[in-house]
Each structure stands twice: as structure tokens, then as C-alpha cells.
Amino acid sequence: MTTTNQYQKGTSVWTGPFRVSLYEINKADGEFLVEILKKQEADPEIYPLTDKEKRLLSGRRKIRTLDGEVEVEVPDDDDEESSLESETSEPTAVPDSRTSIQYQAKVAHIGAEMDFHIWVPRNDRARVLELVPESMHEKFLDLLPLNYDDTTLRTVEQIDVLWIEKGRSMARAFEVEHTTAIYSGLLRMADLLALQPNMNIRLHIVAPPDKRERVLREIRRPVFSLLGRGPLYKQCSFLSYDSIDALAKTPYLSHMSDTIINEYDEFSEV
């Protein structure tokens, strides 16, 4: 494509002027755009949506509030990873997904030992099951036995690990945050409570010990502190990798209550 020296394709110098209203462009660029539009009108070329664009469109939902309907969007993991990559320029900033999966599997295994049914997102299931004893595989659910609206279910389905009681209620939800994107897990927890403010569930962020201060600091952000049900920091705790390791090594887990987690989790002090 030939453009003038003023605007170059693929840069903000080229795209910027066309994203604002009533911005005057020079004659050469104007004639070029008219030519392209006439060509498209005469011989239309179809530009199919990408998989990501389809996910973005399908992720948008309307929910009812006391003030009327509002539109919300539930991002998926690919969107969050793309956001993280766009914020970092160093190759070393790519998340260590293997470590994240290992602790996702440990959390799932602990819950299965305690006789909970386990949910992990479909994209993670195969890798998690590779790290869990085969005798525990029957505890993993293929479908969520939950009676919620579509928007809530879409949010719930993306939580890293859910422990579900036999009575078909969620007991605990875990987000494993190995990367610097601590906010993504907190946002998902906040989304869940915003959609279902009366939900009785215990929430946990699982992360390396050196992320402790950051998690406990981020959880106090205003956006998480002004939820209708109350501040997220009162409902969501921090669990370090060390704590998960200790829990995983605890003998006789199958005879214990999940309240043993209360000996390890930490809440933000305000």
C-alpha cells in the first residue's frame, strides 16, 4: 500500500487521525481512501472475524440492575495474556505457565482428597490431569452443575480451581497468579461477587511468597473495596505456594475439613 510521508501504515501516525472525529487529512490520503472505498463497493472483499474477535463479541452480555440493563464483558484467558504481553517489552516477562499449572493441580488434588468435586477451565484440564493421580480423575467435572445465568456461568467457568460440594454448591474458589498480573484473579473474583452478591463462597488468591505484599495491597483498591456485598479484602485471602505445598503434604487429608485452610490463608489488614 502506498501512502504519503505524513501517514505510515501500521503506526499510530496513520491510524490516530481516523479514530477521532472531524480530523482533516491531506488531499492525497483522502483520494487514496476514496479509491479503496469505491473498489470495495464495486468488488466487495469479505474479511471474516478472527477467533479472538468472535470471543469478544460472544463475551458481551446484558444484565439487569435496579437502574436498568447494563452491558458487561467477561474476558477470557487469551485476552488477559495479550494484555500482559502488551504491557511488557522483555521476553523474560512471558508467564511461567508450567509452574502455574503445577500449583493449579496441587490445589485441585487437595480438594479431591477432601472429597470435593473439582472444576478447572477446559483449556487447563488436560495439563492439570497429567499431574493428578488417575484415581482422582473421577472427581473432575466436565460440566458445572450450577443454576446461574449465562454471564455468571461464563465467569465461574474461567476460575482456575473450584471446590464443589456434593450438594452442588461452590465451597471455595482459587485463582493461581504466578505472573505479575495479580489483578486478573482479583477482577474475576470481584466479577463473581458483583454478579452474585449473595453467594456464600470462600475466595483465595494463590501466588508465590514474594507476591504476598502485592496481592494484599492490590486487594485494597477502591474498585474492590466498594462492592455491594462489602470489601473484597474481607472475603478473599492470600495463600502462598509454600502453604499449598504444606497442605499437599498433610497426612489424612481425606479425613479433614477444608477449614484447615484457615490455618494458612492471610487476609489484608486495613
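Refer to the structure printed above.
In this convention, every chain numbers its residues from 1, walking through the sequence in written order. Owing to the predicted nature of the model, reporting of local features is limited to residues with pLDDT of at least 70; listing and counting of side-chain atom pairs is limited to 80 or more, with chain, interface and lining totals taken over all residues. Side-chain measures were taken over the full set of non-hydrogen atoms in the model, leaving aside hydrogen atoms and water.

On to the nonpolar core. Residues belong to one nonpolar core when they are buried, are Ala, Val, Leu, Ile, Met, Phe, Trp, Tyr or Cys, and are joined through side-chain atoms within 4.5 Å. Each residue is placed in one exposure class: buried if its accessible area under a 1.4 Å probe, protein chains only, is under 20% of its type's maximum, exposed if it is over 50%, and partly exposed if it falls in between. The biggest cluster of nonpolar side chains holds 31 residues, and the ones touching the most others in it are Leu162, Met170, Leu186, Leu203, Leu232 and Cys236. Secondary structure elements are taken from DSSP: a helix is a run of H or I of four residues or more, a strand is a run of E of two residues or more, and numbering for both begins at the N terminus. If you tally residues by element for this core, the top one is helix α8 (residues 182-195), at six residues. In this structure, Leu186 is in contact with Ile205, Val215, Glu218, Ile219, Phe224, Leu232 and Cys236, ignoring residues within four places of it in sequence. Counting 28 residues, the second-largest nonpolar core is a separate cluster that includes Ala108, Ala112, Val161 and Ala171. Note on definitions: a residue-residue contact is assigned when non-hydrogen atoms from the two residues lie within 4.5 Å.

Interaxial angles span 0 to 180 degrees and are taken between N-to-C directions of axes, which are lines fitted to C-alpha atoms, for helices over the stretch in contact. Here helix α5 (residues 97-113) crosses helix α6 (residues 122-130) at 75°, and the two axes come no closer than 9 Å. Here α5 lies roughly perpendicular to α6, going by the angle between them. Of α6, the residues touching α5 (which contributes Ser97, Ile101, Gln104, Ala105 and Ala108) are Asp124, Arg127 and Val128. When its residues are assigned to classes, the contact of α5 with α6 shows four nonpolar, two polar and two charged. With respect to orientation, any angle under 35 degrees is reported as roughly parallel, any angle over 145 as roughly antiparallel, any angle of 65 to 115 as roughly perpendicular, and every other angle as oblique. When residues are sorted by character, Ala, Val, Leu, Ile, Met, Phe, Trp, Tyr, Cys and Pro go into the nonpolar class, Asp, Glu, Lys and Arg into the charged class, and all the rest, Gly among them, into the polar class.

Attention now moves to the sheet that holds strand β6 (residues 202-207). Taken in spatial order, the five strands make up an open sheet running β3-β4-β5-β6-β7, and their pairing is mixed. The sheet is open, and its two edges are formed by β3 (117-119) and β7 (236-240), each paired on a single side. For this sheet, the mean inter-axis angle between neighbouring strands, taken without regard to orientation, is 25°. In this structure, β3 lies alongside strand β4 (residues 161-164), joined through three bridges in antiparallel fashion. Within the sheet, the bridge partner assigned to Ile118 lies in β4 and is Trp163. DSSP bridges decide pairing: two strands pair if at least two such bridges lie between them.

A word on the side chain of Ser184. Its location among the elements puts Ser184 in helix α8. Identification of polar contacts relies on pairs of N or O atoms within 3.5 Å, with a donor-acceptor requirement for protein atoms, meaning one able to donate a hydrogen and the other able to accept it, and with residues adjacent in sequence counted only if both atoms are side-chain atoms. Only 3.2 Å separates the side chain of Ser184 from the side chain of Glu177, close enough to count as a polar contact.

Our next topic: the packing of aromatic side chains. Aromatic ring pairs are reported here in terms of the distance separating the ring centres and the angle at which the planes meet. In summary, the pairing rule links any two rings of Phe, Tyr or Trp, Trp by its six-membered ring, whose centres are within 6.5 Å, and it sorts them by plane angle into stacked for under 30 degrees, edge-to-face for over 60 and tilted for everything else. This model, assessed by the stated rule, comprises three aromatic pairs. Aromatic pair Tyr103 and Tyr241: ring centres 3.8 Å apart, planes at 10°, arrangement stacked. With a gap of 138 residues between them, Tyr103 in helix α5 and Tyr241 in helix α11 (residues 241-248) connect regions that are remote in the sequence. The class for Tyr103 is buried, based on a relative accessible area of 11%. Here Tyr241 falls in the buried class, since its relative accessible area comes to 6%. A centroid spacing of 4.8 Å and a plane angle of 50° characterise the contact between Trp163 and Phe174, whose relative ring orientation is tilted. Within this pair, whereas Trp163 is found in strand β4, its partner Phe174 is found in strand β5 (residues 170-176), the two being separated by eleven residues in sequence. For the residue pair Trp163 and Phe174, the accessibility class agrees, reading buried in each case. Each member of the aromatic cluster is reached from another via a ring pair, and the members are Phe116, Trp163 and Phe174. Definition used: whenever NZ (Lys) or CZ (Arg) falls within 6 Å of the ring centre and also within 35 degrees of the ring normal, the charge is taken to sit over that ring. We note Arg125 situated over the ring of Trp119; from NZ or CZ to the ring centre the distance is 4.7 Å.

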